[in-house]
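Reading the structure
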Amino acid sequence: MINFTYMANLQIAAALAAWALGLWGIVNGQEEILKYLYFFAWYPYVLFLDGLLCRLKGNSWLLGRPREFLKMFFWSTGFGGPGGLQGRDR
């Protein structure tokens, strides 16, 4: 049996760690982090919200519907991320 509270706490901790890594990269001017900063902000945000939802409501897309979660996880950057529907530099 999956302990949803424990898994939610892990998701939230992983999201905070990824955000901290992104912030560290900004402060230290790490090119790799700066180049992919959107991903260091967006993916942890999605994980954080899913973990928070699991803590508050007791259900999680990642744990309850992993296939749908992964589709949403990757499609979300396609529309809002760099070069998504926002357009590219011309």
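On a predicted model such as this, the values are computed, not experimentally measured, just so you know.

Overview of the confidence of the model for the protein
The share of residues in the protein with pLDDT of 70 or more is 83%, and the mean pLDDT across the chain is 82. Looking across the protein, the model is least confident in helix H5 (residues 66-80), with a mean pLDDT of 76, and most confident in helix H1 (residues 4-28), with 93. Counting contacts from residues 84-90, a segment whose pLDDT is below 50, to residues more than four positions away or on other chains yields eight contacts.

What about the packing of aromatic side chains?
Under the definition given, this model contains six aromatic pairs. On the numbers, 6.4 Å between centres and 15° between planes, the contact of Tyr38 with Trp42 is stacked. You can see Tyr38 and its partner Trp42 sitting in helix H3 (residues 37-57), four residues apart, about one turn around the helix. Trp42 gets classed as partly exposed once you look at its relative accessible area, which sits at 27%. Among the aromatic residues, those joined into a ring-pair cluster are Tyr36, Tyr38, Phe39, Trp42, Tyr43 and Tyr45. Over the face of the ring belonging to Trp61 we find Arg65, whose NZ or CZ atom lies 4.4 Å from the ring centre.

Section: the environment of Gly64
Along the chain, Gly64 falls in helix H4 (residues 61-64). Given the relative accessible area of 53%, Gly64 is considered exposed. The spatial distance from the C-alpha of Gly64 to the C-alpha of Phe4 is 9.7 Å, given a sequence separation of 60 residues.

Side note on the environment of Ser76
For Ser76, the position within the fold is in helix H5. Ser76 gets classed as buried once you look at its relative accessible area, which sits at 16%. Taking the C-alpha atoms as reference points, Ser76 and Trp42, 34 residues apart in sequence, are found 8.7 Å from one another.

Here is what the cut-offs are and how they apply
- Residues numbered from 1 in each chain as written.
- Predicted model: local features only at pLDDT ≥ 70, side-chain atom pairs only at ≥ 80, totals over all residues.
- Heavy atoms only, no water.
- pLDDT = per-residue confidence, 0-100.
- Helix = DSSP H or I, 4+ residues; strand = E, 2+ residues; numbered from the N terminus.
- Contact = heavy atoms within 4.5 Å.
- Phe/Tyr/Trp six-rings, centres within 6.5 Å; stacked < 30°, edge-to-face > 60°.
- Buried < 20%, exposed > 50% of the residue type's maximum accessible area, 1.4 Å probe, protein only.
- Lys NZ or Arg CZ within 6 Å of the ring centre and 35° of its normal.

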